[in-house]
Number of protein chains: 4
Amino acid sequence: MPSFGDIAPRLTEQAIELPSWAFGNSGTRFKVFGQAGVPRDPFEKIADAAKVHELTGLAPTVALHIPWDKVDDYAALRSHAESLGVGLGTINSNTFQDDDYKLGSVTHADPKVRQKAIDHHFECIDIMGETGSRDLKIWLADGTNYPGQDDIRARQDRLADSLAKIYERIGEHQRLVLEYKFFEPAFYHTDVPDWGTSYAHVAALGDRAFVCLDTGHHAPGTNIEFIVAQLLRLGKLGSFDFNSRFYADDDLIVGAADPFQLFRIILEVVRGGGYGADSGVAFMLDQCHNIEKKIPGQIRSVLNVQEMTARALLVDRDALTAAQNAGDVLGANEVLMDAFYTDVRPALAEWRESRGLPANPLRAYAESGYQEKIEADRVGGDQAGWGA
Amino acid sequence: MPSFGDIAPRLTEQAIELPSWAFGNSGTRFKVFGQAGVPRDPFEKIADAAKVHELTGLAPTVALHIPWDKVDDYAALRSHAESLGVGLGTINSNTFQDDDYKLGSVTHADPKVRQKAIDHHFECIDIMGETGSRDLKIWLADGTNYPGQDDIRARQDRLADSLAKIYERIGEHQRLVLEYKFFEPAFYHTDVPDWGTSYAHVAALGDRAFVCLDTGHHAPGTNIEFIVAQLLRLGKLGSFDFNSRFYADDDLIVGAADPFQLFRIILEVVRGGGYGADSGVAFMLDQCHNIEKKIPGQIRSVLNVQEMTARALLVDRDALTAAQNAGDVLGANEVLMDAFYTDVRPALAEWRESRGLPANPLRAYAESGYQEKIEADRVGGDQAGWGA
Amino acid sequence: MPSFGDIAPRLTEQAIELPSWAFGNSGTRFKVFGQAGVPRDPFEKIADAAKVHELTGLAPTVALHIPWDKVDDYAALRSHAESLGVGLGTINSNTFQDDDYKLGSVTHADPKVRQKAIDHHFECIDIMGETGSRDLKIWLADGTNYPGQDDIRARQDRLADSLAKIYERIGEHQRLVLEYKFFEPAFYHTDVPDWGTSYAHVAALGDRAFVCLDTGHHAPGTNIEFIVAQLLRLGKLGSFDFNSRFYADDDLIVGAADPFQLFRIILEVVRGGGYGADSGVAFMLDQCHNIEKKIPGQIRSVLNVQEMTARALLVDRDALTAAQNAGDVLGANEVLMDAFYTDVRPALAEWRESRGLPANPLRAYAESGYQEKIEADRVGGDQAGWGA
Amino acid sequence: MPSFGDIAPRLTEQAIELPSWAFGNSGTRFKVFGQAGVPRDPFEKIADAAKVHELTGLAPTVALHIPWDKVDDYAALRSHAESLGVGLGTINSNTFQDDDYKLGSVTHADPKVRQKAIDHHFECIDIMGETGSRDLKIWLADGTNYPGQDDIRARQDRLADSLAKIYERIGEHQRLVLEYKFFEPAFYHTDVPDWGTSYAHVAALGDRAFVCLDTGHHAPGTNIEFIVAQLLRLGKLGSFDFNSRFYADDDLIVGAADPFQLFRIILEVVRGGGYGADSGVAFMLDQCHNIEKKIPGQIRSVLNVQEMTARALLVDRDALTAAQNAGDVLGANEVLMDAFYTDVRPALAEWRESRGLPANPLRAYAESGYQEKIEADRVGGDQAGWGA
């Protein structure tokens, strides 16, 4: 097994994008519990994200969600971010909160609604110009609740047509990333339910179109690391939305529900060339901290990804390949587990300190007074949430 | 196979309770789409429910949800209902929308929060006295999102203790009905996740405590008709929350996702003595009409239950038993399918007319002008929804 | 809604291929229950299949499984089939019953094992020449049971390489059809787990490579009709393996577990151009009659497909489209359900008689004396099963 | 967190029962791959099991399966076991491999078949007297494949009746343990599908009847540790069948698929009083080593259980309770994860050595020459498998 020293240099390449909306209120259809200190605007969201980066060194960019993060002056938002040590990242479109989209957006039977949804993406691309973002990420709530409600096939054709119009606007150094989701909020069919559908569409679009894999968007039992390996093989893995789940799209803290699955996913990422600055694969979080504090929730999340990356890097790849080629089932599995069961936390703490970061970022946050400060300062105004 | 004439008398026994909240707005965590004409208060909800009963003869009672349906004068609400030809039914408690309940209600670690939740149930029992309701239905959102977050076992003990206190207040002719749910809004564990847990608790409480089976609250693949048969055998099936789903607790129109499953469920109800006025099993709907119109959605739902009940009653039970006892796998299955594939709709339409009801209740509703009237009249005020 | 007379002509186009192995013994890992009268060789299997066709007019071809159906003289087998009124259809390869394939076949780390598996497919293609078969169907048991056991990505590359070698041998009028399966007999990963993987491979192979969709090979909750619509849109749906399931790959009689799902699947087939002689989509059964009699099980199966096809053809497509385009959720659903709930059985019985077929093929079989005859005649010898 | 020294004494209490059949051949319905050196009779199985205990100190008893492990002289078998340092444990009945049981055993419609199945259990109880076994474990393959095939409710009543007759024979110091299973080999319904059903039956039987929890016998997503906690609370957890799975009842090595789940399960066992010599809860393995070597597979399994037990014992219970009672969601979760992520392997290796056991039992086995010896010696005869 490699030593921690062997792999430490690769850890410096890690960059995890934080979603601005993780700092706002979120919840279930039953209740959104508000929390003290929650941001009231995109500037405050970015401040919170920057705090996570300051304490961990892992989260240099922040993803925005349009229209939730619309501001009058994106240059100002960008300067604000940069002054706090972070950059603006992926732009996420939103076509699920307007009454017009009740029965679909880019797949809607009515061409006027489709055009409205396309125009929204054009606006997002304009914003990308101002924020300097590379990726336009499209997650569609489109789908139906009842068999017969709409024409599944016609919706695919409309989807392809709408995506083509959006893709045409994407700049030379920009990318379109299409997310898939098994179900919710549509409960009979979704228009992009699986990686195959997303892949078929982005393959038809062209070289700057990619698939986004949200780890919570699969059927029960789906082998996600297989999809990772397959999409990397096909050259079409654009980005991750990390989170975890026990049941459906629970949006829990990444690594919380099944740490071993996270290990296997990251291992395939590393093996398939999806890790590191040159990889073109964006690591993002997409979670809901419904009951836990948001900033510590994000710190815990990036640490989970980092720890699991360290374990994945520790896998003795030569020994693994040797055991695999020898047909040594138990031996090969043991090589893998050896890395997984290694406690990387002490070495990581030391390594953090050596780079001027707190050994224990969660404790550092608790002792920083930041939480108390935002709870005291952010009084009045409208707390950010999924509606803004 | 029996003729329709043979089974028609049993159809008159059918009574399906409508949930008041089905007429208010509902949605997903992503969006609640409002609809024109939605009630602004419990009186308007009951008017809509009464319309469903007027056109179908199937829905003589309305379930209330406290606090959503709190009124100053329950006697007035009861008179209002009765003047429209319906009665007030089950009282549903709600312990999931108060900030205090973020980490639990009757299972909360803090005894003050538990007492608050218990007191809420006492209030519900008081209301039952005024509304003349028989059943107190308890669905708990209690659970945890993260392993370790709370003590699963201690929560069971607190649950048992809280339920015992509530049960003690239940009147001699009243019942406590405990619902179970696989997941949501809690995403790691729920405190009453399955029928076994609900059964263990109601068995410990006593003779007037029963299980509520919501058809959408199970793990994928669960054989629900088995649970129906088992609970009837154990004498502990108190009520149903009918709806349908493809994935999770989708809350679609009953029978929409898997009509054959609904058939099998009702067949076990009928066979196990759970059908009819004397059965003690309450048939309720619990659905969300997120994108379809609410009143037609409810009409469609009660008709689906009625049609499937007719098919279940048509099963040639003697032939079925004979084939079963002969070990004739295909023959026994065919007896069942013969009833399922029988088109009962024309006979039901005629039968409805013979009883002074419209042959086609959905068309009658469309032609009644009711929808236009409520859309015109119910302007201003706050539309009812899951928050009220 | 169209009348039965309107759709009857299209019913004559229906052709369902029967699997030779459905007539042999099958079971679970716990037990294979033998049945009296089971065929001892491919000639007897074809005789049984021909009986199904004789009584239903629905099953003009029989699929073979190599090596289970290896014979010395395929011309003789073909003549035998034709003399009984049926033809030989798809050739299914088998790379899961040789000790060499314990850790994989066309994906195995050892090039010698891969070549052996490729050679087996060459042999199948040779047989196709003799039997006049169009399709080579490849289902792979390849996969792993433990994380780390083998290199998921390397196996994909080996798979692509092996398939390319096989595809090269496929004749100009022949096709390679690649099946996917979620799990079993491999329990950690399978090398072709989903339609996306099969699609990516057949798209890379060329115009004569297609996907095979087995209705039991998906994760729980998967919307199969969506995949049908998508593959037809992409021009890559080659064939179906029909069966049904409640849990995993249960291989029950098609339509037995969820008739409404079968209706929706066939509706998408019809709408997407996958139905009829010119469609290029092969309808096959792939089932296990573990506890029921095999020949009646197959008769029941083809009748289920026929009845559901009639219902799918009865959908009022114009009314459906109109309701869909009007955004009438309940109305569109009702158009669909109207066809599903129509009892087509009496009209089909009449139509069968008009074509010289028995009105009730199952009763005709029971009265034919065929079962008694084979039970009396087929004594001694080795009953066919999954091993032969 | 406690130190390893603090918990080491509790580790000595660990006893994991090995199933005799784990040393025989096993497989899937597609193929059983034979392995060199597999036992030909119960004596050889016990020798292999004893080897696992010799090297790990963890597996002092062996469970038998009747009739697979029938011998003429159980006293001789017992002496053989004791001479090798192990004892005979649970007796497992088998009612799934006789043709009479095709449609059921203790639930069969035919009273003669039911009596045959009951008599088989009487025979097992007789054997228990000779082997000195405490537990009779009953797993039933009973169920149906098609709706209508048999009467679900009547089968429950027959089940209750048959179990009562068996229970009556159970000795004063013996126990009846009833296993449940979600599906397979029955694919529509199983007669004991869930813990609730098993609990209802054993509660009706009496104080010496308990539930057996097989970790692979649940619906997807089921929270197993909840069931553990609940059954311990109800005083009805009798035994475990440990294994792991990604999909269905995969029967993989325990801890292989989801180590964190195993950790959570064992933690609830420990917390609920289910661990240790006095607990009354039997820890058993029930796995299939389809492709890996059997003895190393069992060694790996007991080590996985031991390592996870160490981690569970390391949980700082006071800190956990404090965080839970403070409503500190992230803090409580972190206390749990802290134990899970601790690498207990070096300390366990040392501790093993201090007790005269090999530090690395797998390496010790590889170096022992035992595998080579059995492969050389066990030539000829019939290898043991699920049929014997």
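Preceding this section is the structure that the text describes.
Reading the values: rules and limits
- In every chain, residue numbers begin from 1 and rise along the written sequence.
- The lettering of chains begins at A and the numbering of ligands begins at 1, in the order of writing.
- Since the coordinates come from a predicted model, pLDDT governs what is reported: local features require at least 70, and pairs of side-chain atoms require 80 or more to be given and counted, while whole-chain, interface and lining totals use all residues.
- To obtain the side-chain values, all non-hydrogen atoms of the structure were included, while hydrogens and water were left out.
- Stacked, tilted and edge-to-face pairs are distinguished by plane angle, under 30 degrees for stacked and over 60 for edge-to-face with tilted covering the rest, among Phe, Tyr and Trp rings (Trp via its six-membered ring) whose centres lie within 6.5 Å.
- Helix and strand definitions follow DSSP, with helices as H or I runs of at least four residues and strands as E runs of at least two, each counted in order from the N terminus.
- A 1.4 Å probe rolled over the protein chains alone gives each residue an accessible area, and that area as a share of the maximum for its type sets the label: buried under 20%, exposed over 50%, partly exposed in between.
- Here, over-ring charges are defined by two tests on the NZ atom of lysine or the CZ atom of arginine: distance to the ring centre within 6 Å, and angle to the ring normal within 35 degrees.
- Each salt bridge in this description consists of a side-chain nitrogen of Lys or Arg and a carboxyl oxygen of Asp or Glu lying within 4 Å of one another.
- Residues are treated as being in contact if the distance between any of their heavy atoms lies within 4.5 Å.
- By convention, the term buried area covers the 1.4 Å-probe accessible surface removed from two parts as they join, with the contributions of both added.
- Polar contacts, as used here, are pairs of N or O atoms within 3.5 Å; protein pairs need one atom able to donate a hydrogen and one able to accept it. Residues neighboring in sequence count only if both atoms are side-chain atoms.
- Gly is put with the polar residues, along with every residue not named as nonpolar or charged; the nonpolar set is Ala, Val, Leu, Ile, Met, Phe, Trp, Tyr, Cys and Pro, and the charged set is Asp, Glu, Lys and Arg.
- The fit set for superposing copies consists of C-alpha atoms from residues with pLDDT of at least 70 in both; the fit itself is least squares.
- When DSSP finds two or more bridges between a pair of strands, those strands are recorded as paired.
- Helix axes are fitted only over the stretch in contact, all axes being lines through C-alpha atoms; the angle between N-to-C directions runs from 0 to 180 degrees.
- Here, patches come from residues exposed beyond 30% relative accessible area and free of salt bridges, joined within 9 Å for like charges and within 5 Å for nonpolar side chains (Val, Leu, Ile, Met, Phe, Trp, Tyr).
- Note on areas: these come from Shrake-Rupley sampling with a 1.4 Å probe, and a residue is covered only by the protein chains present in the view.
- Charged residues are defined here as Lys and Arg on the positive side and Asp and Glu on the negative side; His and the ends of the chain fall outside this count.
- For charged residues, the charge sits on one atom: NZ in Lys, CZ in Arg, CG in Asp, CD in Glu.
- With respect to orientation, any angle under 35 degrees is reported as roughly parallel, any angle over 145 as roughly antiparallel, any angle of 65 to 115 as roughly perpendicular, and every other angle as oblique.
- Take the far helix as your reference; a near helix turned counterclockwise from it by less than a right angle gives a left-handed crossing, and one turned clockwise gives a right-handed crossing.
- One fewer than the residue count of a helix, multiplied by 1.5 Å, yields its expected span.
- Here, nonpolar core refers to any group of buried Ala, Val, Leu, Ile, Met, Phe, Trp, Tyr and Cys residues whose side-chain atoms link them within 4.5 Å.

Draft legend 1. Broad picture of the packing of aromatic side chains. Under the criterion given, the structure shown has 90 aromatic pairs over all chains. Arranged with centres 5.3 Å apart and planes meeting at 55 degrees, the rings of C:Phe263 and C:Phe340 form a pair that is tilted. Taken together, the residues C:Phe263 in helix 8 (residues 259-271) and C:Phe340 in helix 11 (residues 329-340) connect sequence positions 77 residues apart. The residues C:Phe263 and C:Phe340 share a single accessibility class, namely buried. The ring of A:Phe260 carries A:Arg264 above its face, with NZ or CZ at 4.7 Å from the centroid. Taking NZ or CZ as reference, D:Arg169 lies 3.8 Å from the ring centre of D:Phe122, over its face.

Draft legend 2. Main features of the pattern of salt bridges. Under the defined criterion, the tally for this structure stands at 132 salt bridges over all chains. A salt bridge links C:Lys116 to C:Asp98, with the shortest nitrogen-to-oxygen separation between them at 3.0 Å. Here C:Lys116, found in helix 4 (residues 111-131), pairs with C:Asp98, found in the loop between strand 3 (87-92) and helix 4; they are 18 residues apart in sequence, far enough to count as distant. Using a relative accessible area of 31% as the deciding quantity, one classes C:Lys116 as partly exposed. With a shortest N-O distance of 2.5 Å, D:Asp241 and D:Lys137 are connected by a salt bridge. Within this pair, whereas D:Asp241 is found in strand 9 (residues 237-242), its partner D:Lys137 is found in strand 4 (residues 135-138), the two being separated by 104 residues in sequence.

Draft legend 3. Structural detail: the interface of chain A and chain C. Contact with chain A, which involves 51 residues of that partner, is made by 51 residues of chain C. Counting the surface lost from both chain A and chain C, the interface buries some 4,000 Å², and carbon and sulfur atoms represent 60% of this. By the criterion of area lost to chain C, the three top residues of chain A are A:Arg153, A:Phe226 and A:Arg233, representing 17% of everything that side buries. Seen at the junction of chain A and chain C, the total is four salt bridges. In this structure, the salt-bridge partner of A:Arg233 is C:Asp157, at a minimum N-O distance of 2.9 Å. Counting the contacts that link chain A with chain C gives 20 residue pairs in polar contact (both at pLDDT 80 or more). Sorting the residues of the side of chain A that touches chain C by element identifies helix 5 (152-169), strand 7 (189-190), helix 6 (195-205), helix 7 (224-233), helix 8 (259-271), helix 10 (317-325) and helix 11 (329-340) of chain A as the ones contributing at least two each. A per-class count over the side of chain A that touches chain C returns 23 nonpolar, 17 polar and eleven charged.

Draft legend 4. Seen up close, the relation of the copies chain D and chain C. For the pair chain D and chain C, the relating rotation is 180 degrees, the translation along its axis is 0.0 Å, and the fit reaches an RMSD of 0.0 Å. Classification of the inter-copy transformation places it as that of a two-fold axis. Across chain D, the rotation axis passes nearest the C-alpha of D:Arg29, at a separation of 2.1 Å. When the interface residues of chain D are mapped onto chain C, 100% of them are again interface residues, pointing to one common binding face.

Draft legend 5. Local environment of the sheet that holds strand 8 (residues 209-214) of chain B. All names here are of chain B. Spatially, the eight strands close up into a barrel ordered 1-2-3-4-6-8-9-10, and their pairing is parallel. Each strand axis lies, on average, 30 degrees off the axis of its neighbour in the sheet, ignoring direction. Relative to strand 10 (residues 282-285), strand 9 (residues 237-242) is paired through four bridges, and the arrangement is parallel. Bridging from a neighbouring strand, Phe 242 pairs with Leu 285 of strand 10.

Draft legend 6. Inspection of the environment of A:Val281 at higher detail. Tracing the backbone shows A:Val281 in the loop between helix 8 and strand 10 (282-285). Under the relative-accessibility criterion, A:Val281 is labelled buried at 10%.

Draft legend 7. Seen up close, a negative patch on the surface. A contiguous patch of negative charge on the surface is contributed by A:Asp72, A:Asp73, A:Asp126 and A:Glu130. With respect to the element layout, A:Glu130 can be found in helix 4 (residues 111-131).

Draft legend 8. Just the packing of helix 9 (residues 294-314) of chain A against helix 13 (residues 361-368) of chain A, in detail. Residue and element names in this part refer to chain A. Running from amino to carboxyl end, helix 9 crosses helix 13 at an angle of 160 degrees, the nearest separation of the two axes being 9 Å. The orientation of helix 9 relative to helix 13 falls into the category roughly antiparallel. Between helix 9 and helix 13 the crossing geometry is right-handed. Residues Ile 295, Pro 296, Ile 299, Arg 300 and Leu 303 of helix 9 form the contact with helix 13, whose own contacting residues are Pro 361, Leu 362 and Tyr 365.

Draft legend 9. Structural view of the side chain of B:His53. Residues and elements named next belong to chain B. Here His 53 shows up in helix 2 (residues 42-56). On the basis of relative accessible area, His 53 is assigned to the buried category, the value being 17%. Each residue touching His 53, except ones within four places of it in the same chain, is listed here: Leu 58, Ala 59, Pro 60, Gly 85 and Val 86.

Draft legend 10. Region of interest: the pairing of strand 1 (residues 16-19) of chain A. All names here are of chain A. Neither face of strand 1 is left uncovered, since the one carrying Ile 16 and Leu 18 and the one carrying Glu 17 and Pro 19 both have all their residues buried. Note: strand 1 against strand 2 (residues 61-65), two bridges, orientation parallel. Bridge pairing links Leu 18 to Val 62 in strand 2.

Draft legend 11. Quick peek at unusual backbone geometry. Between A:Ile66 and the following residue, A:Pro67, the backbone shows a cis peptide bond with an omega angle of 20 degrees. Within the secondary structure, A:Pro67 is located in the loop between strand 2 and helix 3 (74-83). Omega for the bond connecting C:Glu184 with C:Pro185 falls within 30 degrees of zero, at 10 degrees, which places this linkage in the cis form. Structurally, the position occupied by C:Pro185 is in the loop between strand 6 (175-179) and strand 7 (189-190). For B:Glu184, which is not glycine, the phi torsion reads 80 degrees and is therefore positive. By the secondary structure assignment, B:Glu184 is in the loop between strand 6 (175-179) and strand 7 (189-190). B:Glu184 gets classed as buried once you look at its relative accessible area, which sits at 16%. A positive phi angle, near 60 degrees, is found at D:Asp251, a position not held by glycine. If you trace the backbone, D:Asp251 turns up in the loop between strand 9 and helix 8 (259-271). Here D:Asp251 falls in the buried class, since its relative accessible area comes to 4%.

Draft legend 12. Local environment of helix 5 (residues 152-169) of chain C. Residues and elements named next belong to chain C. Look at helix 5: 26 Å from first C-alpha to last across 18 residues, which is about the 26 Å you get at 1.5 Å a residue. Regarding helix 5, the residues found buried are Ile 152, Arg 155, Gln 156, Arg 158, Leu 159, Ser 162, Leu 163, Ile 166 and Tyr 167. Residue Asp 151 occupies the N-cap position of helix 5, its side-chain oxygen lying 3.1 Å from the main-chain nitrogen of Arg 153.

Draft legend 13. Spotlight on the interface of chain D and chain C. Between chain D and chain C, the residue contacts involve 42 residues of the former and 42 residues of the latter. Together, the buried faces of chain D and chain C total about 4,000 Å²; carbon and sulfur atoms form 64% of this surface. Between the two partners, chain D and chain C, sit eight salt bridges. In this structure, the salt-bridge partner of C:Arg29 is D:Asp249, at a minimum N-O distance of 2.8 Å. The interface formed by chain D and chain C holds 18 residue pairs in polar contact (both at pLDDT 80 or more) in total. Its residues assigned to classes, the side of chain D that touches chain C shows 23 nonpolar, eight polar and eleven charged.

Draft legend 14. Representation of the nonpolar core within the structure. In this structure, A:Phe240, B:Phe240, C:Phe240 and D:Phe240 are the most contacted members of the largest nonpolar core, which totals 415 residues. In contact with D:Phe240, not counting residues within four places along its chain, are D:Cys212, D:Leu213, D:Val228, D:Ile265, D:Val269, D:Val281, D:Ala282, D:Phe283 and D:Met284. The next biggest cluster of nonpolar side chains, apart from the first, holds 80 residues, and it includes A:Val329, B:Ala248, C:Ile253 and D:Ile152.

So far we have only geometry, and geometry alone does not tell us how the molecule works.
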